[in-house]
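Overview (structure and organization)
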Amino acid sequence: MDTIQKEKNIALIKDVLRNYLLEKGFRNTPERYTILEEIYSMDHHFNVDDLYLLMLQKKYHVSKATIYNTIEIFLDAGLIRKHQFGEKTLTSSSYEKSYFDKQHDHLVIYKKDSDKEIEEIIEFCDPRIQGIKEAIEEAFGVKIDSHSLYFYGTKND
Ligand SMILES: [Zn+2]
């Protein structure tokens, strides 16, 4: 993506956030925009600790509580999406930017012989899933708004 398009996208998501905060009567604090911009400059999934460390590296002093709180706001505003990649209950949540996203699903690969320790997460897009969605909508007379699909496995030798 070129720089001009990137800047346009950042301006657009900032508008989305501004309108959301206004509508909900939340405080319009500058650090929320900084955090949003950091998230949208990332090309991978992240968790709260990753984001916290990233902000520290960039010398922004935000507390973890602020990050948690901001994440909740972004989720509700439709700016990010939440994932639970691990099957173990204590695995922390991961997030990713979602506003410009093409629909995709995730393949979670565990390290072999580990206790479900994640080695890699692969994103894939298979158009057949759209076909399944349409067939289900037709069969049950519903409109599907979203879906959640994860495959878990280990690599072949
Ligand atoms: Zn993803």
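Residues numbered from 1 in each chain as written. Predicted model: local features only at pLDDT ≥ 70, side-chain atom pairs only at ≥ 80, totals over all residues. Heavy atoms only, no water.

Donor atoms from the polypeptide that coordinate the zinc ion comprise His-45 (NE2), Glu-96 (OE), Glu-96 (OE), His-104 (NE2), His-106 (NE2) and Glu-123 (OE), at 2.0 to 2.6 Å from the metal. Each of the 6 donor atoms around the zinc ion contributes to a set of angles spanning 53 to 174 degrees, which defines the coordination as irregular. Taken in chain order, the donor set of the zinc ion reads H-x50-E-x7-H-x1-H-x16-E. Here His-106 is found in strand S3 (residues 105-110), whereas its partner Glu-123 is found in strand S4 (residues 118-124), with 17 residues between them in sequence. (Donors = N, O, S within 2.8 Å, 3.2 Å for Na, K, Ca; no water. Tetrahedral: all angles 85-135°; square planar, octahedral: opposite > 155°, others 65-115°. Helix = DSSP H or I, 4+ residues; strand = E, 2+ residues; numbered from the N terminus.)

Within the open sheet, the 3 strands sit side by side as S4-S3-S5. Their pairing is mixed. Edge positions in the sheet fall to S4 and strand S5 (150-154), since each has one partner strand and no second. Along the sheet, successive strands turn relative to each other by an average axial angle of 20 degrees, direction set aside. Inspection of the sheet shows S3 paired to S4 by 6 bridges, in the antiparallel sense. Across the sheet, Ile-109 pairs through a bridge with Glu-120, a residue of S4. (Pairing = 2+ DSSP bridges. Axes fitted to C-alpha atoms, helices over the stretch in contact; angles between N-to-C directions.)

According to UniProt, the feature "binding site: Fe cation" (unreviewed entry) maps to Asp-105 and His-147 in the numbering used here. Spanning 43 residues, the named residues nonetheless gather at one spot, since no C-alpha pair among them exceeds 9.3 Å. With respect to the element layout, Asp-105 can be found in strand S3. Look past the residues within four positions of Asp-105 in its chain and what remains in contact with it is Ile-122, Glu-123, Phe-124, Ile-129, His-147 and Leu-149. In this structure His-147 comes out as partly exposed when scored by relative accessible area, which is 36%. With near-sequence residues (within four places) excluded, His-147 lies in contact with Gln-103, Asp-105 and Ile-129. (UniProt positions renumbered as here; feature names shortened; annotations may be inferred. Contact = heavy atoms within 4.5 Å. Buried < 20%, exposed > 50% of the residue type's maximum accessible area, 1.4 Å probe, protein only.)

It is worth spelling out the nonpolar core at this point. If you look at the biggest cluster of nonpolar residues, it comprises 26 residues, and the most contacted ones within it are Leu-17, Ile-39, Leu-51, Ile-67, Phe-74 and Leu-79. Only helix H1 (3-24), helix H2 (30-40), helix H3 (48-57) and helix H4 (64-76) provide two or more residues apiece to this core. Ranked by residue count, the leading element in this core is H1, at 6 residues. Apart from the residues within four sequence positions on either side, Leu-51 is in contact with Ile-35, Ile-39, Met-42, Phe-46, Ile-67 and Ile-71. (Core = buried A, V, L, I, M, F, W, Y, C linked by side-chain atoms within 4.5 Å.)

Here we take up H1. For an α-helix, 3.6 residues make a turn, and residues three or four places apart therefore share a direction. Counted at 1.5 Å a residue, the expected span for H1 with its 22 residues is 32 Å, and the 32 Å between its end C-alpha atoms agrees. For H1, the complete set of buried residues consists of Asn-9, Ile-10, Ile-13, Val-16, Leu-17, Tyr-20 and Leu-21. The arc that holds every buried residue of H1, seen down its axis, measures 130 degrees, which confines them to one face. In H1, the exposed residues that point more than 90 degrees away from the buried face are Ile-4, Glu-7, Lys-8, Leu-22 and Glu-23. On its buried side, H1 packs onto H2 and H4. Two or three places before Ile-4, at the start of H1, stands the capping residue Asp-2, its side-chain oxygen 3.2 Å from that residue's backbone nitrogen. (Expected span 1.5 Å × (residues − 1). Arc of directions from axis to C-beta. Polar contact = N/O pair within 3.5 Å; in protein donor to acceptor, adjacent residues only side chain to side chain.)

For the rest of this paragraph, the subject is the side chain of Ser-93. If you trace the backbone, Ser-93 turns up in the loop between strand S1 (80-83) and strand S2 (94-97). At a separation of 3.3 Å, a polar atom in the side chain of Ser-93 contacts the side chain of Gln-84. If we ignore the near neighbours within four places in the chain, the residues touching Ser-93 are Phe-46, Asn-47, Lys-82, His-83 and Gln-84.

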